[in-house]
Amino acid sequence: MNKTTLQNKTTPLLTVKNLKKHFPVRSGFFSHISAWVKAVDDISFDVYAGETLGLVGESGCGKTTAGRALLRLIEPTSGEVYFDNKNLLKMKATELRQIRRQMQVIFQDPYSSLNPRMTIGNIVGEALKVHEIATGEALKHRLEELLDRVGLSPSYHSRYPHEFSGGQRQRIGIARALALNPTFIVCDEAVSALDVSIQAQIINLLRDLQAEYHLAYLFISHDLNVVQHIADRIAVMYLGKIVEIAPADTLFKSPKHPYTQALIAANPIPDPDIKHEAKLLEGDVPSPVNPPSGCPFHTRCPSVMDKCKHIKPPLTEIKKEGKSQIVWCHLH
Ligand SMILES: Nc1ncnc2c1ncn2[C@@H]1O[C@H](COP(=O)(O)OP(=O)(O)O)[C@@H](O)[C@H]1O
Ligand SMILES: [Mg+2]
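Read on for an overview of the structure. Computed from a predicted model, the values in this text were never measured in an experiment.

### Remarks on the overall build of the protein chain
Turning to step 1, where the next piece is worked out: Secondary structure assignment for the protein chain yields 9 helices and 12 strands.
Turning to step 2, where the next piece is worked out: The globule rule puts the C-alpha radius of gyration for 332 residues at 20 Å, and the 21 Å found for the protein chain is close to it.
Turning to step 3, where the next piece is worked out: With respect to the three principal axes, the spread of C-alpha positions in the protein chain is 70 × 60 × 40 Å.
Turning to step 4, where the next piece is worked out: Looking at the protein chain alone, contacts between residues at least 24 apart form 64% of all its contacts between residues at least 6 apart.
Turning to step 5, where the next piece is worked out: Only carbon and sulfur atoms are counted for the fraction: they give 51% of the accessible area of the protein chain, which is about 16000 Å².
Turning to step 6, where the next piece is worked out: Positive and negative side-chain charges of the protein chain, numbering 39 and 34 respectively, have mean locations separated by a distance of 5 Å.

Given below as structure tokens:
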């Protein structure tokens, strides 16, 4: 464990170390692998019990791949993932199945992530049946409890997903995720498809549930404003790499990485105490098939130096008032 990534708290619930996921690009008649998409390229971070770590970055930077790889919904290329001090990537199927009860996921699109031919009761109760946790009256009681807890009428259990609005469907997705009493939930763009007013309701629900059940969230979003409302700490991703991790308030008040600064400048927040120079991003994100050498951001960085082009930026930890801000940048 890299000590510098630790905060002054307890041991992490989840530790991700040097995680990589490279997808093969196949071409030609024999489908030879001609290149690799470095979707997630060596990321490390911790998530503590009961906290929300936001994971932000532009579309295509590898957030979804990171979330899926650490849950082993897709097999990582390399790295280590510890959940409750157990290495997930070394686990056999039965052990993984057990630990998966504690690790759930809520997806972006409640329209496609709920099976249209299943009733709400079957969708939410499926895991309880699969894991043989409840049947008959006990199952019915648990279902009612779950629906009620996410703000849906228990009488809805016999209805189908198409009968509900986007926000209600996301509540169904949350009830499904809660069914097995998890301790960790990956929320992948969980509110991104919803109207702003509905977004706020779902975020409030997620917060209430977190307080009540001491849940940890990895809250993935391309929208910094959304993440700001829920995250305790925020990790910023660019082209398969994390460039900065900091407590949410620190990140907004004094972002250290030029990419973070640009992201925040592009998402102005109405706070007169926070002043940022408007350094908007120029140019396109380079391809993850051929990411730039040295610092991945050097091709767009307003403060680029010669060494940024050739040398990977080292990890620097800035400690202030007991808070830890980590940045991978040659400026620091
Ligand atoms: N199954 C896949 N095969 C090949 N490339 C993929 C696959 N899934 C994602 N990618 C690529 O990996 C990169 C990261 O994608 P993704 O994790 O979905 O980003 P984000 O969630 O941040 O928008 C993108 O360039 C995407 O095209
Ligand atoms: Mg995504």
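Following the structure, the description resumes.
### Comments concerning the packing of aromatic side chains
Turning to step 1, where the next piece is worked out: Here the structure, examined in full by the defined rule, presents 6 aromatic pairs.
Turning to step 2, where the next piece is worked out: Members of the aromatic cluster, each reached through a chain of ring pairs, are Tyr 238, Tyr 259 and Phe 297.

### Remarks on the site of ligand 1
Turning to step 1, where the next piece is worked out: Taken together, Phe 23, Val 37, Ala 39, Glu 58, Ser 59, Gly 60, Cys 61, Gly 62, Lys 63, Thr 64, Thr 65 and Pro 288 are the residues near ligand 1.
Turning to step 2, where the next piece is worked out: One of the backbone nitrogen or oxygen atoms of Gly 62 is found 3.0 Å away from an oxygen atom of ligand 1.
Turning to step 3, where the next piece is worked out: Here an oxygen atom of ligand 1 sits 2.8 Å away from a polar atom, N or O, in the side chain of Lys 63.
Turning to step 4, where the next piece is worked out: For ligand 1, whose free accessible area comes to 560 Å², the fraction covered by protein is 60%.
Turning to step 5, where the next piece is worked out: Counting residues per element, the shell around ligand 1 draws most heavily on helix H1 (residues 63–70), at 3 residues.
Turning to step 6, where the next piece is worked out: Split by residue class, the shell around ligand 1 holds 5 nonpolar, 5 polar and 2 charged.

### Concerning the side chain of Arg 142
Turning to step 1, where the next piece is worked out: Note on placement: Arg 142 falls in helix H4 (residues 136–149).
Turning to step 2, where the next piece is worked out: Engagement of the side chain of Arg 142 in a polar contact is seen with the side chain of Glu 145, the distance being 2.7 Å.
Turning to step 3, where the next piece is worked out: Not counting residues up to four positions away in its chain, the partners in contact with Arg 142 are Leu 128, Leu 178, Ala 179 and Asn 181.

### Structural notes on H4
Residue pairs spaced three or four apart in an α-helix point in one direction, given the helix's 3.6 residues per turn.
Turning to step 1, where the next piece is worked out: Along its 14 residues, H4 runs 20 Å from first to last C-alpha, staying within 8% of the 20 Å computed at 1.5 Å per residue.
Turning to step 2, where the next piece is worked out: Residues Leu 139, Arg 142, Leu 143, Leu 146 and Leu 147 constitute the buried set of H4. All buried residues of H4 lie within an arc of 130 degrees about the axis, which places them on one face of the element. Exposed residues on H4 whose side chains face more than 90 degrees from its buried face are Glu 137, His 141 and Asp 148.
Turning to step 3, where the next piece is worked out: On its buried face, H4 is in contact with helix H3 (120–130) and helix H5 (166–178).
Turning to step 4, where the next piece is worked out: Phi for Gly 151, located one or two positions after H4, is positive at around 85 degrees.

### Quick look at the sheet that holds strand E7 (residues 184–188)
Turning to step 1, where the next piece is worked out: Strand order in the open sheet made by the 8 strands is E6-E7-E8-E3-E9-E10-E12-E11, with mixed pairing throughout. One side of each edge strand has no neighbouring strand; the edge strands of this open sheet are strand E6 (103–106) and strand E11 (315–320). Geometrically, the sheet is characterised by an average inter-axis angle of 20 degrees between neighbouring strands, direction not taken into account.
Turning to step 2, where the next piece is worked out: When E11 meets strand E12 (residues 323–328), the two strands line up antiparallel, connected through 6 bridges. Along E12, the bridge assignment pairs Thr 316 with Val 327.
Turning to step 3, where the next piece is worked out: In the packing of helix H6 (residues 196–213) onto the sheet, contacts are made with strand E3 (52–56), E6 and strand E8 (216–221), and the angle to E8 comes to roughly 160 degrees.

### Details of the sheet that holds strand E5 (residues 86–87)
Turning to step 1, where the next piece is worked out: Judged by pairing direction, the sheet is antiparallel, and its 4 strands sit side by side in the order E2-E1-E4-E5 without closing on themselves. A single partner strand is all that each edge strand has here, and the edge strands are strand E2 (32–47) and E5.
Turning to step 2, where the next piece is worked out: Direction of pairing for strand E1 (residues 14–27) relative to E2: antiparallel, over a ladder of 12 bridges. If you follow Ser 27 over to E2, its bridge partner there is His 32.

### Observations concerning the nonpolar core
Within soluble globular proteins, side chains that are nonpolar tend to cluster in buried spots.
Turning to step 1, where the next piece is worked out: In terms of nonpolar packing, the biggest core is built from 58 residues, with Ile 174 and Ile 234 touching the most fellow members.
Turning to step 2, where the next piece is worked out: Once you skip the residues sitting within four places of it in the chain, Ile 174 turns out to touch Ile 106, Val 150, Ile 202, Leu 205, Leu 206 and Leu 209.
Turning to step 3, where the next piece is worked out: Ala 66, Leu 88, Val 186 and Ile 326 belong to the second largest nonpolar core, which has 34 residues in total.

Quick notes on the rules
- Residues numbered from 1 in each chain as written.
- Chains lettered and ligands numbered in written order.
- Predicted model: local features only at pLDDT ≥ 70, side-chain atom pairs only at ≥ 80, totals over all residues.
- Heavy atoms only, no water.
- Helix = DSSP H or I, 4+ residues; strand = E, 2+ residues; numbered from the N terminus.
- Rg over C-alpha atoms; globule rule 2.2 N^0.38 Å.
- Contact = heavy atoms within 4.5 Å.
- Areas by Shrake-Rupley, 256 points an atom, 1.4 Å probe, with all protein chains shown as cover.
- Lys, Arg positive; Asp, Glu negative; His and termini not counted.
- Charge placed at Lys NZ, Arg CZ, Asp CG, Glu CD.
- Phe/Tyr/Trp six-rings, centres within 6.5 Å; stacked < 30°, edge-to-face > 60°.
- Near = heavy atom within 4 Å.
- Polar contact = N/O pair within 3.5 Å; in protein donor to acceptor, adjacent residues only side chain to side chain.
- Nonpolar A, V, L, I, M, F, W, Y, C, P; charged D, E, K, R; others polar.
- Expected span 1.5 Å × (residues − 1).
- Buried < 20%, exposed > 50% of the residue type's maximum accessible area, 1.4 Å probe, protein only.
- Arc of directions from axis to C-beta.
- Pairing = 2+ DSSP bridges.
- Axes fitted to C-alpha atoms, helices over the stretch in contact; angles between N-to-C directions.
- Core = buried A, V, L, I, M, F, W, Y, C linked by side-chain atoms within 4.5 Å.

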